[in-house]
Amino acid sequence: MIRRRTWRSLYAVMERDRAGLRVLPGLRNGLGILIPLVWGLNSGHLLSGIGVAVGALVAGFAGNAGTARRRLRTMLFATAWMSVTTFVGALAGHDAWLIVLVVTLCGWLAGMMLGVSQPSGQVGLLATNALILISTSPQPLSGALYRMSLVACGGLLQTALMLMVDLVRPESAEAQSVSNVYRKLGSYAASPSRPSDLALASSLVEASDFLRDSYMPRRRRKRLYRLLDSAEQIRMYVVALAEIARGRAYAQELGDAAFASEILRQCAPIFAALGDHVWLIARGDRRAQPLMYILERASEELSAIARGAKGIERKEETAAHVEAMARSLMALRDDLVQPGVRPLPPEAMQTAASKIQQAWLSLRSHMTWNSGIFRHAIRAAIAIGIGETLAFVLPWPHAYWVPLTANIILRPDFTSTFTRGIARVLGTLGGLLLATVLLVAVPDRTGMFASACIVVFGSLMYMLVTYNYALFSCALTALMVVLLSLFERQAPIPTMADRMLATLVGSALAMVIYLLWPTWQHQQVNRALALAVDRERDYFRGVLAVFAEGNKGSPRKLARERQAVRVSRTNAAGAVRQVLAEPVAPPVRPHIMVAILVGMHRFSDTLLSLEAYTWEGRAARGLTQEERELVAWIDRALTALADGLRSGERELVIDRTGELWGRRSVQRHVETLEMNWRELDVIARAVVRLYHVIQTLARLTHEIDSDDGEAASTS
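Residues numbered from 1 in each chain as written. Predicted model: local features only at pLDDT ≥ 70, side-chain atom pairs only at ≥ 80, totals over all residues. Heavy atoms only, no water.

Colleague: Describe the overall build of the protein, listing the residues and the values that go with them.
Modeller: Broken down by element type, the protein carries 27 helices and 0 strands. The burial tally for the protein puts 55% of its 715 residues in the buried class. Working note: accessible area of the protein is about 30100 Å², and carbon and sulfur atoms make up 61% of it. (Helix = DSSP H or I, 4+ residues; strand = E, 2+ residues; numbered from the N terminus. Buried < 20%, exposed > 50% of the residue type's maximum accessible area, 1.4 Å probe, protein only. Areas by Shrake-Rupley, 256 points an atom, 1.4 Å probe, with all protein chains shown as cover.)

Colleague: Tell me about the packing of helix H4 (residues 68–92) against helix H6 (residues 118–135), and please be specific about residues and values.
Modeller: For the pair H4 and H6, the least separation of the axes is 8 Å and the interaxial angle reads 25°. Considering the angle they form, H4 stands roughly parallel to H6. Pair H4 / H6 crosses with right-handed handedness. Seen from H4, the contacting residues are Thr74, Phe77, Ala78, Trp81, Met82, Thr85, Thr86, Val88, Gly89 and Ala90; seen from H6, they are Pro119, Val123, Gly124, Leu126, Ala127, Ala130, Leu131, Ile134 and Ser135. For the contact of H4 with H6, the per-class residue count stands at 13 nonpolar, 6 polar and no charged. (Axes fitted to C-alpha atoms, helices over the stretch in contact; angles between N-to-C directions. Parallel < 35°, antiparallel > 145°, perpendicular 65-115°, else oblique. Left-handed = near helix turned anticlockwise from the far one by under 90°. Contact = heavy atoms within 4.5 Å. Nonpolar A, V, L, I, M, F, W, Y, C, P; charged D, E, K, R; others polar.)

Colleague: Would you mind going over the side chain of Ser299 in detail, with residue names and values included?
Modeller: Turning to its location among the elements, Ser299 is positioned in helix H13 (residues 289–308). Other than its neighbours up to four places away in sequence, Ser299 contacts Ala326, Leu329 and Met330.

Colleague: Hey, could you go over a nonpolar patch on the surface for me, with residue numbers and the actual values?
Modeller: Together, Leu31, Leu34, Ile35 and Val38 line one region of the surface with nonpolar side chains, adding up to about 280 Å² of accessible area. By the element assignment, Leu34 lies in helix H2 (residues 23–43). (Patch = residues over 30% accessible without salt bridge, like charges linked within 9 Å, V, L, I, M, F, W, Y side chains within 5 Å. Salt bridge = Lys/Arg side-chain N within 4 Å of Asp/Glu carboxyl O.)

Colleague: Kindly report on H13, identifying the contributing residues and their values.
Modeller: The periodicity of an α-helix, 3.6 residues per turn, causes residues three or four places apart in sequence to face the same way. Look at H13: 29 Å from first C-alpha to last across 20 residues, which is about the 28 Å you get at 1.5 Å a residue. Against the buried residues of H13 lie helix H11 (257–276), helix H12 (278–283) and helix H14 (315–337). (Expected span 1.5 Å × (residues − 1).)

Colleague: Break down the packing of aromatic side chains for me, with residues and values.
Modeller: If you walk through the whole model with that rule in mind, you get 3 aromatic pairs. Here Trp633 and Tyr691 contribute two aromatic rings whose centre-to-centre distance is 4.8 Å and whose plane-to-plane angle is 50°, an arrangement assigned as tilted. One end of the pair, Trp633, is in helix H25 (residues 625–646); the other, Tyr691, is in helix H27 (residues 682–700), with 58 residues separating them in the sequence. Looking at Trp633, the relative accessible area reads 1%, which means it is buried. (Phe/Tyr/Trp six-rings, centres within 6.5 Å; stacked < 30°, edge-to-face > 60°.)

Colleague: Run through helix H8 (residues 173–190), naming residues and quoting values.
Modeller: For H8, built from 18 residues, the straight-helix expectation of 26 Å at 1.5 Å per residue is met to within 8% by its first-to-last C-alpha distance of 26 Å. Regarding H8, the residues found buried are Ala173, Glu174, Ala175, Ser177, Val178, Ser179, Val181, Tyr182, Leu185, Gly186, Tyr188 and Ala189. Each element contacted by the buried residues of H8 is listed here: helix H9 (194–212), helix H10 (218–245), H11, H12 and H14.

Colleague: Please give an account of the pattern of salt bridges that cites residues and values.
Modeller: One pass over the full model with this rule turns up 23 salt bridges. Arg70 serves as the salt-bridge partner of Asp213, at 3.0 Å between the closest nitrogen and oxygen. Of this pair, Asp213 sits in the loop between H9 and H10 while Arg70 sits in helix H4; the two residues are 143 residues apart in sequence, bridging distant segments of the chain. Residue classification places Asp213 among the buried residues on the basis of a relative accessible area of 1%. Since its relative accessible area comes to 17%, Arg70 is described here as buried.

Colleague: Tell me what's going on with the environment of Leu91, and back it up with residues and numbers.
Modeller: Within the fold, Leu91 resides in helix H4. Placed 44 residues apart in sequence, Leu91 and Ser135 show a C-alpha to C-alpha distance of 7.6 Å. Those residues in contact with Leu91 that lie beyond four places of it in its chain are Gln139, Pro140, Leu141 and Ala144.

Have a look at this one:
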């Protein structure tokens, strides 16, 4: 098992994410590096130009992804932090022990910033590396101020370029995220599966996050929110049709599987077309008018199909979903043609002060030994402190690569640290060889060739940062070698050997410190799964409360609960993937973790389908006494499952008291309902299916005998 997981982690080093290849940001950030270098060459102040280029380099990382508002905020934050660390590093470099202390503290802060956001953590990491590099060349007060001003100018230059590119860019990140939702919705309609549904859920989470953090014009933002709300609603009907098409037990005989599959196949290109025109719709561009016609025609054709299915056995039930989808498409078309005065949701009206408050609360929440982020920050501080001490003690001229490497490699989880360590070593060796060969092969007295290499490697670094970490490390190392060659003026071959040795030592230091005090993801996965079950229970309560309260419910409240389910399920799936790559056995058996994810997926599908029936007006009755008893049993079972996961014990126990499995009346209700299966409506069938999901999970954990809950076999 350990060998298989280790090979899986090694294989992850070679994995590439095609969607992570960022060509435009790479070219833009490369231009931000090129401008100060050209200025330095023409003015005869190449080293000053390089100082500005370094500031642009770090700010470019901060503005590599996200909405314009988020990138602007992060780039300004990166510029400010980078300027401070440059000033402190230039002054503190005179005192070895002072710089060790300062670098250690900065490394801890950078690790904690991961608890705020991934971009913040990346900025902290790069600023810490800049502090280490600058401290190797200490300066007086005037020199420190001058270097700080150069870095600040570079960061502001890169920020200005980002804003200029956004002004002429044809599409915003917010529109792209909503467009991605419709494309994923089209993919799911064309081929309903768990991976495609998880991809759709992730895209919905990202789009909602982007729209909350945006300063685009309110009119366009309202249109995007309307598109996103429509995608949420349409998704419910698509899931309901997919459940029928896949022949789910609770949906059988409530619809025609072949008919549902055909409708999904016809709708998939409509959703894809919406995705292709999102930005034009948001802008109110006339070129989007043909799409309005397409939506109108699609709505009319779907309505005609629904009317044609009336009176036909099984097709009529399926046609109700088709009619509801047609109404949703027509309502979307009407709102886009004649937009109303629908206000933005409260979460979209957050101020800068509230953002800062959220960041502070997030940071405070990780100030505990139980937090993986806090443990990572302590590990990073120790590794960087030891590495910086070795940089002063070891007789190597480039020993500062030891703390640099340790800082880059260490991550909060084992999988990322292990794969990054291997990728870092491979990428560093490749980058050292590439840069050294280029510097030796091409004589460069003016600095023009080195400047060209800086621009090329810098652009490649930005493009590859989320594509493949080994290739990114190669570009980053080559860039640093060329930059430092302009300052150090040393022989390339001996310098390459020193840096390779320091890189190996830094990698070993990071791995040893992590293994001495690890934070295994399997220690956190139970909490992630428990949170996913909790959120599923909240959504379950929200949907069933609609029936208990006489078919009255809050659409906005249900939307928030759906979103919470998506976020928690996506996080839990990511945690399980990391656990399966760790060499240590998790407390819960892997097949049980996967079964819980699958069970919660089925739970969500059933609830989404049931909610679709409520909006169609086909589930207007209240719950019977038997159904209320079943609903209460399912609610307690979900609570017991979440509590069992939080206990952290290897043997997962859903119900320690045995009260749930001793409720023979509940089993009798289920048996009675299944005996009259053909007469049941969608509410009763959905409740029975949810009961069977819990029964299946219970059998996997060996809590009930094979003779108990025999009806569960029908699931």
